[in-house]
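Breakdown of the fold
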Amino acid sequence: MNGCLRLSIRHETGPAFSEAFARPVELGRADPTRPTPDVLLQPVEIDGGVRIAIAEPRESDVSRRQALLEALAGERVRLTNLSAAIAIRCFGHADVAPGGTVEHPLPVSFQIGRVVVSVAAESPAGAAAAREPAAHLQTLELPPDLPPAAGAVGGAGPGATVAAPCCTVTRAPTGSTT
């Protein structure tokens with residue numbers, strides 16, 4: 001596999017999801033028979049990749065194992081329909097029949113049941129940064145004590161605040177209704 005994929009998932013009744021993956025991603029309906037129950041839009045490690053449940057168990061318009069996404073060279077993606085019965089509706093491309101496999105340039109979007117999935121290219125560095133947001137956080141030191149400023153409230157010294165304008169007011173033109 002080459003590169004990374006950024007998946008953005010939108011469900012009409014649930015929260016949105018967006019994350020980057022450097023491994024193959026399987027999408028499907030939550031499977032209550034799994035040893036660890038699936039949680040909607042919570043990626044879990046599986047052999048060789050990641051699985052994301054995109055529909056509740058009762059939603060019959062999404063198979064338990066519906067789609068497999070694999071990043072390819074040249075900012076392309078391989079989309080395999082793992083279902084034996086439900087097609088994947090691609091926007092701007094032909095539908096992917098049950099059991100079918102297609103390759104598309106990125107970005108690409110498709111629909112499975114009531115879920116819309118958008119896939120875009122992501123650099124491996126961007127995917128790593130997305131997994132480790134704390135790596136970009138840092139602790140800043142407090143500035144040294146500053147000399148008292150004109151207009152200081154509460155006396156001069158540590159903890160004093162400075163009254164300063166925070167906004168400007170602009171008058172609307174004559175005759176304007178805004």
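All figures in this text were calculated on a predicted structure; none of them were measured in a lab.

Looking at the confidence of the model for the chain
Of all residues in the chain, 68% have pLDDT values of 70 or greater, and the mean over the chain is 81. Between residues 133-137, whose pLDDT stays under 50, and residues either more than four places distant or in other chains, the model counts one contact. Counting contacts from residues 164-168, a segment whose pLDDT is below 50, to residues more than four positions away or on other chains yields zero contacts.

Comments concerning unusual backbone geometry
Here Leu-106 and Pro-107 are connected by a cis peptide whose omega angle stands at 0°. Here the phi dihedral of Leu-41 falls at roughly 60°; this positive angle occurs in a residue that is not glycine. By the secondary structure assignment, Leu-41 is in the loop between β3 (25-29) and β4 (44-46). Since its relative accessible area comes to 11%, Leu-41 is described here as buried. The phi torsion at Glu-75 lies on the positive side, around 50°, for a residue other than glycine.

A closer look at the sheet that holds strand β10 (residues 108-112)
Judged by pairing direction, the sheet is antiparallel, and its five strands sit side by side in the order β2-β1-β11-β10-β8 without closing on themselves. Edge positions in the sheet fall to β2 (17-21) and β8 (89-90), since each has one partner strand and no second. Pairing geometry for strand β1 (residues 4-11) and strand β11 (residues 115-122), over eight bridges, is antiparallel. Note on β11: the bridge partner recorded for Leu-5 is Ala-121.

Details of the environment of Ala-73
Its place among the elements puts Ala-73 in the loop between β6 (67-72) and β7 (76-81). Put simply, Ala-73 and Cys-4 are 69 residues apart on the chain and 9.9 Å apart in space, counted from C-alpha to C-alpha.

What counts and how
- Residues numbered from 1 in each chain as written.
- Predicted model: local features only at pLDDT ≥ 70, side-chain atom pairs only at ≥ 80, totals over all residues.
- Heavy atoms only, no water.
- pLDDT = per-residue confidence, 0-100.
- Contact = heavy atoms within 4.5 Å.
- Helix = DSSP H or I, 4+ residues; strand = E, 2+ residues; numbered from the N terminus.
- Buried < 20%, exposed > 50% of the residue type's maximum accessible area, 1.4 Å probe, protein only.
- Pairing = 2+ DSSP bridges.

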